[in-house]
Amino acid sequence: MFESLKHWFGSLEAESKLFDDPDDEALHSAVASLLYHFIALDDHHSGREKHQFDLLMKQEFDLEKPQIDHLYQAAKSATGDPAEDLHTINAHLRDNPSIKMRFMQRLLQLINLHGAHTAELELFHKTLHEVFPDVRTTGSEDNL
């Protein structure tokens, strides 16, 4: 009985992770880049946003503070479009709708620290459509 409980707790721990292949450095860079895009869009670079960035990177990838800081600085100096990062993230995101929704919730928590701005919401919708391609914009007569 105790073995089955340990197995059950172990499976809960594994399910708390959002991504397959959590050791993939390309995934680390893509997530860092996407998170930084959200942070930079509202022109409020606060310690709370950096803390959320650090927390997500630590929880998902078990990275140490120097590794997280390196990824943050690399994302900060990058100038690319987040589209490729979104493809990389989606390719590694677990194929489970509730896990995908948890990822979207974490992004909402990040952008809601200073109130959501239009540019952040636009990037959020791009991310949503990448993660859930069947979701269509509501309110459009073309989608009825």
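Residues numbered from 1 in each chain as written. Predicted model: local features only at pLDDT ≥ 70, side-chain atom pairs only at ≥ 80, totals over all residues. Heavy atoms only, no water.

1. Thoughts on the nonpolar core
Moving on, step 1. Core analysis: the largest hydrophobic core is formed by 35 residues, its most contacted members being Phe19, Val31, Met57 and Phe103.
Moving on, step 2. Among the secondary structure elements, those contributing two or more residues to this core are α2 (25-41), α3 (47-61), α4 (65-77), α5 (82-92), α6 (97-111) and α7 (118-131).
Moving on, step 3. If we ignore the near neighbours within four places in the chain, the residues touching Met57 are His28, Val31, Ala32, Leu35, Asp62, Leu63, Ile68 and Leu71. (Core = buried A, V, L, I, M, F, W, Y, C linked by side-chain atoms within 4.5 Å. Buried < 20%, exposed > 50% of the residue type's maximum accessible area, 1.4 Å probe, protein only. Helix = DSSP H or I, 4+ residues; strand = E, 2+ residues; numbered from the N terminus. Contact = heavy atoms within 4.5 Å.)

2. Quick notes on the packing of aromatic side chains
Moving on, step 1. All told, the structure shown has 4 aromatic pairs when counted by the stated rule.
Moving on, step 2. Three or more aromatic residues link up through ring pairs in this structure, and these residues are Phe19, Phe61 and Phe103.
Moving on, step 3. Positioned above the aromatic ring of Tyr72 is the side chain of Lys50, whose terminal nitrogen or guanidinium carbon lies 4.8 Å from the ring centre. (Phe/Tyr/Trp six-rings, centres within 6.5 Å; stacked < 30°, edge-to-face > 60°. Lys NZ or Arg CZ within 6 Å of the ring centre and 35° of its normal.)

3. A look at unusual backbone geometry
Moving on, step 1. For Asp21, which is not a glycine, the phi torsion comes out positive at approximately 55 degrees.
Moving on, step 2. Structurally, Asp21 can be placed in the loop between α1 (2-15) and α2.
Moving on, step 3. Phi at Asp62 takes a positive value of approximately 55 degrees, unusual for a residue other than glycine.
Moving on, step 4. For Asp62, the location among the structural elements is in the loop between α3 and α4.
Moving on, step 5. Relative accessible area serves as the criterion here: at 52%, Asp62 is assigned to the exposed category.

4. Some details on the confidence of the model for the protein chain
Moving on, step 1. The pLDDT averaged across the protein chain works out to 83; a share of 82% of its residues lies at or above 70.
Moving on, step 2. Ranking the elements of the protein chain by mean pLDDT puts α1 last with 48 and α4 first with 96.
Moving on, step 3. Per-residue pLDDT stays below 50 along residues 7-14; that stretch engages in 1 contact with residues further than four places along the chain or on separate chains. (pLDDT = per-residue confidence, 0-100.)

5. Structural notes on the packing of α2 against α7
Moving on, step 1. Contact geometry of α2 with α7 gives a least axis separation of 8 Å together with a crossing angle of 155 degrees. Put simply, α2 runs roughly antiparallel to α7. With respect to the hand of their crossing, α2 and α7 are arranged in left-handed fashion. Contacts from Leu34, His37, Phe38 and Leu41 of α2 reach α7 at Ala119, Glu120, Leu123, Phe124 and Thr127.
Moving on, step 2. Considered class by class, the residues forming the contact of α2 with α7 number 6 nonpolar, 2 polar and 1 charged. (Axes fitted to C-alpha atoms, helices over the stretch in contact; angles between N-to-C directions. Parallel < 35°, antiparallel > 145°, perpendicular 65-115°, else oblique. Left-handed = near helix turned anticlockwise from the far one by under 90°. Nonpolar A, V, L, I, M, F, W, Y, C, P; charged D, E, K, R; others polar.)

6. A closer look at the environment of Lys17
Moving on, step 1. Structurally, Lys17 is set in the loop between α1 and α2.
Moving on, step 2. Classification of Lys17 as buried rests on a relative accessible area of 15%.
Moving on, step 3. Lys17 sits 76 residues away from Leu93 along the chain, and the two C-alpha atoms are 9.4 Å apart.
Moving on, step 4. Excluding residues that lie within four positions of it along the chain, Lys17 makes contacts with Gln59, Glu60, Asp62, Arg94 and Ile99.

7. Examining α6
Moving on, step 1. Given a rise of 1.5 Å per residue, 15 residues ought to cover 21 Å, and the 21 Å separating the end C-alpha atoms of α6 matches this to within 8%.
Moving on, step 2. For α6, the set of buried residues is Ile99, Lys100, Phe103, Met104, Leu107, Leu110 and Ile111. The buried residues of α6 occupy one face: seen down the axis, they fall within an arc of 145 degrees. (Expected span 1.5 Å × (residues − 1). Arc of directions from axis to C-beta.)

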